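What follows is the residue order along each chain.
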Amino acid sequence: MVFVPGGTFRMGSESHYPEEAPVHRVTVDAFWIDATPVTNAQFRAFVEATGYVTFAEIPPKAEDYPGALPHMLKAGSLVFNPPQGAVDLRDWSKWWEFRFGANWRKPYGSGSWIKTLDDHPVVHVAYKDAEAYAAWAGKALPTEAEWEFAARGGLDGAEFAWGDELTPAGRYMANTWQGNFPYENEKLDHYERTSPVRAFPPNGYDLYDMIGNVWEWTTDWYAPKHQADAAKACCIPENPRGARQEASYDPCQPRIKIPRKVLKGGSHLCAPNYCRRYRPAARHPEPVDTSTSHVGFRCVVRKTSG
């Protein structure tokens with residue numbers, strides 16, 4: 001783990017997506033954070049020690065998903081499946097497929113395996129899976145503020161975790177998408193899907209993959225915008241937590257009461273023509289019962305007195 005000193009920083013952005021605004025000052029205490037996302041090798045050690053079964057490996061119950069088609073009530077997870085050509089970018093179902101048998105061991109479904117991916121981030125982990133690993137390891141999941149402070153690497157207000165240029169001097173600093181998403185991946189960064197967790201340079205705090213590769217769970221409930229900046233320095237929030245659970249429900253699906261947590265960091269699927277969320281300020285809501293081929297996590301240990 002890497003020690004991150006506490007401090008006050010400007011959280012959020014007003015230059016990209018509305019959910020990142022407004023920019024507001026936040027103070028966080030010092031903490032330790034994993035230098036990389038949790039890898040397949042690390043997660044395997046947890047499973048072997050505990051016998052833990054992930055959410056994606058358990059068939060869903062009909063009573064939990066009223067209206068679901070019976071043939072869909074099988075264990076599985078969402079896998080990125082690129083279309084052959086341009087599609088309507090408003091319809092994510094054109095490139096996401098719920099694939100039976102997909103889980104952390106089989107990231108692309110039946111027939112795939114993680115044998116050569118020990119140093120890649122574990123994926124297909126729902127929120128409770130990440131929480132269970134953290135508890136086993138004697139750690140916790142980071143808050144959104146802690147995660148963003150760490151991702152900035154001491155560069156308060158910078159666009160990216162390494163400065164204000166996406167590719168300084170033509171160098172790719174993170175595993176993101178180059179080309180027209182979701183059908184044309186030019187792989188200028190040399191990776192089509194996930195990459196080893198130390199494949200790209202660390203940020204100013206010596207943290208790897210804070211941007212790109214996989215989205216990462218935080219412990220905060222999602223809200224569609226940040227709180228306004230404090231009027232006085234004395235009122236800057238310290239170690240803030242997210243919204244109430246009830247406020248995290250998806251307003252576009254009022255009948256479905258599945259709470260959502262904040263994801264941070266973007267992934268290898270973030271592209272300039274679709275999702276410019278390869279930045280510390282970027283955030284995304286994820287239902288706690290959802291796992292995908294591009295979401296992982298890392299853990300923290302908070303500094304305690306004495």
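Calculation criteria
- Residues numbered from 1 in each chain as written.
- Predicted model: local features only at pLDDT ≥ 70, side-chain atom pairs only at ≥ 80, totals over all residues.
- Heavy atoms only, no water.
- Helix = DSSP H or I, 4+ residues; strand = E, 2+ residues; numbered from the N terminus.
- Pairing = 2+ DSSP bridges.
- Axes fitted to C-alpha atoms, helices over the stretch in contact; angles between N-to-C directions.
- Phe/Tyr/Trp six-rings, centres within 6.5 Å; stacked < 30°, edge-to-face > 60°.
- Buried < 20%, exposed > 50% of the residue type's maximum accessible area, 1.4 Å probe, protein only.
- Lys NZ or Arg CZ within 6 Å of the ring centre and 35° of its normal.
- Arc of directions from axis to C-beta.
- Contact = heavy atoms within 4.5 Å.

Asker: Describe in detail the environment of Q84, supporting the description with residues and values.
Answerer: Within the element layout of this structure, Q84 appears in the loop between β5 (76-80) and β6 (96-100). Q84 sits 87 residues away from R171 along the chain, and the two C-alpha atoms are 29 Å apart.

Asker: Run through the sheet that holds strand β1 (residues 2-4), naming residues and quoting values.
Answerer: Taken together, 3 strands build an open sheet; the order of strands is β1-β4-β11 and the sheet is antiparallel. One side of each edge strand has no neighbouring strand; the edge strands of this open sheet are β1 and β11 (300-302). Averaged over all pairs of adjacent strands, the angle between strand axes in this sheet comes to 25°, irrespective of strand direction. In terms of strand pairing, β1 meets strand β4 (residues 31-33) through 3 bridges, oriented antiparallel. Note that in β4 the partner of V4 across the bridge is F31.

Asker: Go over the packing of aromatic side chains, please, and point to the residues and values.
Answerer: For the coordinates displayed, the defined rule picks out 23 aromatic pairs. Seen in terms of ring centroids, W95 and Y274 are 5.3 Å apart; in terms of plane orientation they differ by 80°. Their pairing is edge-to-face. A residue pair is termed long-range when its members are at least 10 positions apart, and W95 in the loop between β5 and β6 and Y274 in the loop between β8 (260-264) and β9 (283-287) qualify at 179 residues. On the accessibility criterion, W95 (1% relative accessible area) is buried. With centroids separated by 5.0 Å and ring planes inclined at 75°, the aromatic side chains of W177 and F181 adopt a geometry described as edge-to-face. The same class applies to W177 as to F181, namely buried. Taken together, the ring pairs connect F43, F46, Y52, W104, Y133, W136 and F297 into an aromatic cluster. Its guanidinium or amino end placed over the ring of W221, K261 lies 3.6 Å from that ring's centre, counting from NZ or CZ. Sitting over the face of the ring of Y17, R277 holds its NZ or CZ atom 3.8 Å from the ring centroid.

Asker: Can you tell me about helix α2 (residues 127-136), naming the residues and giving the values?
Answerer: Here α2 has its buried residues at Y127, D129, A130, Y133 and A134. One face of α2 carries all of its buried residues, which in axial projection span an arc of 165°. In this fold, the buried residues of α2 make contact with α1 (40-50), β7 (215-221) and β8. G138 lies just past α2 and shows a positive phi near 75°.

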